[in-house]
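# Per-entry structural report
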Amino acid sequence: MKIALLGYGKMGHVIERIALERGHEIVLRKDEFNTYDGLSSADVAIDFSVPSAAVNNISSCFHANVPVVSGTTGWLEHYDEMITLCKEKNGGFISSSNFSLGVNLFFEFNEYLAKIMSQFDHYKVDMEEIHHDQKLDAPSGTAISLAKGVIENSNYTNWTLDSPKEHEIHIEAVRVGTVPGTHTVTYNSEVDSIEIKHTAHNREGFALGAVIAAEWLAGKHGVYTMKDVLNLNSK
């Protein structure tokens, strides 16, 4: 399979190595200094760029008739626009705040726990995410996805980085060192706490999940999620 890499930073290099190990060919390594030459020859593109480049990368794929997997966060105010363009161009698209297989299982645990805990209003939920100090957005896209998972399965209506009002989830965003990503969801009461936590040890899990998603998406048309890739929609 021929893969175009859109974004060639640290994650792009790890994705490249894993893709090559799995027998794929890299036909484009796009960074801020080169063009999209080679994109149209790709079977699928993987976008791990920066928020300011993501929309142009994704739309370029749709115009080139190349399915695209995007793991860039911080651009989602344009998400509906990209979905519309994908459908207009009969493209293929997967966007996820986190492609780690473990994190996507963690999303499922989080939603299931939220359904259970919604019956016990003396527990209050809060979240913490810790990432390396070069991460541009806060809170992380993964933390926002976790918050949405709780909101969709409980009486909570919003999340905030500030002091939470009633029915708001507080997210503590920490930036320190080289931490790949740690996410914790805690339900606190006066007598005890219930906690679920995912800790990434390196970037390998994110990269492997993105390549697996790209393998799954190649040749498909439509808008999908990691639930489709992992066959979790029927669970």
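Moving on, we get to the layout of surface pockets. By volume, the largest pocket is sized at about 990 Å³. For the largest pocket, the lining is made up of 40 residues, of which Met11, Phe48, Ser49, Val50 and Arg203 are closest to its centre. Of all the secondary structure elements, the ones that give two or more residues to the lining of the largest pocket are α1 (10-21), α2 (51-63) and α5 (141-151). Ranked by residue count, the leading element in the lining of the largest pocket is α2, at four residues. Its residues assigned to classes, the lining of the largest pocket comprises 13 nonpolar, 20 polar and seven charged.

Pairing is mixed in the open sheet, where five strands are placed in the order β7-β8-β6-β9-β10. The strands lining the two open edges of the sheet, one partner per strand, are β7 (158-160) and β10 (193-199). Averaged over all pairs of adjacent strands, the angle between strand axes in this sheet comes to 20 degrees, irrespective of strand direction. Docked against the sheet, α5 engages β6 (124-131), β7, β8 (168-175) and β9 (182-188), running at close to 165 degrees with respect to β6.

We now examine the packing of aromatic side chains. As enumerated under the stated definition, the model contains five aromatic pairs in all. Seen in terms of ring centroids, phenylalanine 62 and phenylalanine 93 are 5.5 Å apart; in terms of plane orientation they differ by 90 degrees. Their pairing is edge-to-face. Here phenylalanine 62 is found in helix α2, whereas its partner phenylalanine 93 is found in strand β5 (residues 92-95), with 31 residues between them in sequence. With respect to class, phenylalanine 62 is no different from phenylalanine 93; both count as buried. Grouped by ring-pair contacts, the aromatic residues Phe62, Trp75, Tyr79 and Phe93 constitute a single cluster. Taking the ring centre of tyrosine 36 as reference, the NZ or CZ of lysine 30 above it sits at 5.0 Å. Note that lysine 220 overlies the ring of tryptophan 216, its terminal NZ or CZ placed 4.3 Å from the centroid.

About the criteria used
Residues numbered from 1 in each chain as written. Predicted model: local features only at pLDDT ≥ 70, side-chain atom pairs only at ≥ 80, totals over all residues. Heavy atoms only, no water. 1 Å grid on protein atoms, 1.4 Å probe; cavity = no way out; pocket = protein on both sides within 12 Å on 5 of 7 lines; lining within 4 Å. Points joined across faces, edges and corners; volume = space filled by probe spheres on them. Helix = DSSP H or I, 4+ residues; strand = E, 2+ residues; numbered from the N terminus. Nonpolar A, V, L, I, M, F, W, Y, C, P; charged D, E, K, R; others polar. Pairing = 2+ DSSP bridges. Axes fitted to C-alpha atoms, helices over the stretch in contact; angles between N-to-C directions. Contact = heavy atoms within 4.5 Å. Phe/Tyr/Trp six-rings, centres within 6.5 Å; stacked < 30°, edge-to-face > 60°. Buried < 20%, exposed > 50% of the residue type's maximum accessible area, 1.4 Å probe, protein only. Lys NZ or Arg CZ within 6 Å of the ring centre and 35° of its normal.

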